[in-house]
Amino acid sequence: MSSSTYVQLVDLAKHFGKVRALDGLSLDIAQGELVALLGPSGCGKTTALRALAGLQELDRGQLIVDGKDVTFQNANKRGMGMVFQAYSLFPHMTARENVEYGLKLKAHKTASDKRKARSAELLELVGLSTHANHYPHQLSGGQQQRVALARALAISPKVLLLDEPLSALDAKVRTQLREEIRRIQLELGTTTLFVTHDQEEALSIADRVGVMRNGQLEQIAAPAELYDRPKTSFVAEFVGLTNPISGKVSGGSIEVLGSIVKTLPGSVTTGTGIALVRPESIDVVASKSGNATVFAASFLGASCRLTINMNDGTHVTAQLPSSEAAGIGAGSTVAVSLLDMPVFVKAAG
């Protein structure tokens, strides 16, 4: 274990009947790092988080936190703070009392005045100091989740575990709260494992994102690297949008849409391949002598998404800044080419 590694998941395995929820999962998390696990339902991300929390027994593997093996340690002895998808607040307790609850359960009970000071500090941190005496039914969903976050942080956890904590909230509140979670995590320096099915959520707040599939990590990297340089076709297709376009591969390059671009490591190297092209990698310019026709245009605010029919029968989706798409609409004749950006290429068929 390197000097900066704080949490280690080593060769974790967990089977539920014939289903391999975890199949040799290994992951290192540095101290103060926020790692997000992303993947389709059933990929094992929540099982991994629950195993680290002590809520799920393993068939095989080792869990190490701050140099100590906690694999067989009781959940209440691990010093983890956990925030669930459901708010899980005590309805008969005020926001302050909910935040104080974890402190009351500590082996050495925190004195009342210290509990009050700590809960006031955390409620201030999550922006709810004026709601300390409100009960859960008097709070919005976003406010309740902030209380749940403050409660998890009150015990100064070794690791903060977030199990899809924002999925029950509406889009605007979800965006605001994920930014708050990142601000607080950076301010406190808490090592954090965040499980989500929301790609935008994971890419926007994590130091590194791990994409899981069938109980294993397909790839873990910084968000930009994961998006721009996927190592497998699964990652390329799962994270973000792609256009599967057939082309001829040779010498580390592929010819698609009349352009020759480099292929990413892990791509097929010869013959016909399927380039997984990002919509924003497609250049579109209005041209009467162009090679394509716009079928539909969708205004998305800062960007515009174009559905395009190529003259050779290929269909592609392009996305470009709205300022560049001005004047391009359904029925427009356009010239389409690829920007000079490497693409992942999978085997045809």
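Residues numbered from 1 in each chain as written. Predicted model: local features only at pLDDT ≥ 70, side-chain atom pairs only at ≥ 80, totals over all residues. Heavy atoms only, no water.

Asks: Any chance you could break down helix α2 (residues 95–104) for me, citing the residues and the numbers?
Replies: Along α2, the residues that are buried comprise A95, N98, V99, E100, G102 and L103. Where α2 is buried, its residues contact α3 (112–125) and α4 (141–154). (Buried < 20%, exposed > 50% of the residue type's maximum accessible area, 1.4 Å probe, protein only. Helix = DSSP H or I, 4+ residues; strand = E, 2+ residues; numbered from the N terminus. Contact = heavy atoms within 4.5 Å.)

Asks: Give me the lowdown on the packing of aromatic side chains, citing residues and values where you can.
Replies: What the rule picks out here adds up to two aromatic pairs. Geometrically, the ring pair formed by F234 and F238 is stacked, given 5.6 Å between the ring centres and 10° between the ring planes. One end of the pair, F234, and the other, F238, are both in helix α8 (residues 233–238), four residues apart, so they sit about a helical turn from each other. Overall, the relative accessible area of 17% leaves F234 in the buried class. Of the residues examined, F238 reaches a relative accessible area of 19% and is grouped as buried. (Phe/Tyr/Trp six-rings, centres within 6.5 Å; stacked < 30°, edge-to-face > 60°.)

Asks: Got a sec to walk through unusual backbone geometry? Specific residues and values, please.
Replies: Of note, the phi angle at D66 is positive, near 55°, even though the residue is not glycine. Residue position: D66 is located in the loop between β4 (60–65) and β5 (68–69). Of note, the phi angle at L257 is positive, near 55°, even though the residue is not glycine. Mapped onto the fold, L257 is located in the loop between β12 (253–256) and β13 (259–262).

Asks: How would you sum up the sheet that holds strand β11 (residues 243–250)? Please name residues and give values.
Replies: Read across the open sheet, the five strands follow the order β13-β12-β11-β14-β20; overall the sheet is antiparallel. Taken across any chain shown, the strands that pair with only one partner, and hence form the sheet edges, are β13 and β20 (344–347). Averaged over neighbouring strand pairs, the angle between their axes works out to 45° when direction is ignored. Bridge analysis of strand β14 (residues 271–277) against β20 gives four bridges, and the strand direction is antiparallel. Paired with G273 across the bridge in β20 is A347. (Pairing = 2+ DSSP bridges. Axes fitted to C-alpha atoms, helices over the stretch in contact; angles between N-to-C directions.)

Asks: Describe in detail α3, supporting the description with residues and values.
Replies: Here α3 is 14 residues long and its end C-alpha atoms lie 20 Å apart, about the 20 Å a rise of 1.5 Å per residue gives. Within α3, burial applies to R115, R118, S119, L122, L123 and L125. All buried residues of α3 lie within an arc of 155° about the axis, which places them on one face of the element. Exposed and oriented more than 90 degrees from the buried face of α3 are D113 and E124. In the core, the buried residues of α3 are packed alongside α2, α4 and α5 (171–188). Positive phi shows up at G127, right after α3, with a value of about 75°. (Expected span 1.5 Å × (residues − 1). Arc of directions from axis to C-beta.)

Asks: Could you give an account of the packing of α2 against α3, with specific residues and numbers?
Replies: Two elements in contact, α2 and α3, have axes whose closest approach is 9 Å; the angle formed by their N-to-C orientations is 125°. Judged on the interaxial angle alone, α3 and α2 are oblique. For the pair α2 and α3, the crossing hand works out as right-handed. Across the interface between the two elements, A95, R96, V99, E100, L103 and K104 of α2 pack against R115, K116, R118, S119, L122 and L123 of α3. For the contact of α2 with α3, the class distribution of residues is five nonpolar, one polar and six charged. (Parallel < 35°, antiparallel > 145°, perpendicular 65-115°, else oblique. Left-handed = near helix turned anticlockwise from the far one by under 90°. Nonpolar A, V, L, I, M, F, W, Y, C, P; charged D, E, K, R; others polar.)

Asks: Give me the pattern of salt bridges: which residues, what numbers.
Replies: Using the criterion set out here, one finds 15 salt bridges in the structure. R208 is paired through a salt bridge with E33; the nearest N and O atoms lie 2.6 Å apart. On the criterion of sequence distance, the pair formed by R208 in strand β9 (residues 208–213) and E33 in the loop between β2 (19–30) and β3 (34–38) is long-range, its members being 175 residues apart. Residue R208 is classed as partly exposed on the basis of its relative accessible area of 23%. Here E100 and R115 are joined by a salt bridge, their closest N and O atoms 3.6 Å apart. (Salt bridge = Lys/Arg side-chain N within 4 Å of Asp/Glu carboxyl O.)

Asks: Can you break down the environment of M93 residue by residue, with the values?
Replies: Along the chain, M93 turns up in the loop between β6 (80–83) and α2. Along the sequence, M93 and H134 sit 41 residues apart, while their C-alpha atoms lie 8.5 Å from each other. Aside from chain neighbours lying at most four places away, what touches M93 is N98, Y101, Y135 and P136.

Asks: Run through the sheet that holds strand β10 (residues 216–221), naming residues and quoting values.
Replies: Taking strand neighbours across the sheet as the criterion, the six strands line up as β6-β7-β8-β3-β9-β10 in an open arrangement whose pairing is mixed. The strands lining the two open edges of the sheet, one partner per strand, are β6 and β10. Adjacent strand axes in the sheet meet at a mean angle of 20° when their direction is disregarded. Note that strand β7 (residues 159–163) and strand β8 (residues 191–196) share five bridges and pair parallel. Within β8, the position partnered with L160 by the bridge is T192. In the packing of α4 onto the sheet, contacts are made with β6 and β7, and the angle to β6 comes to roughly 170°.

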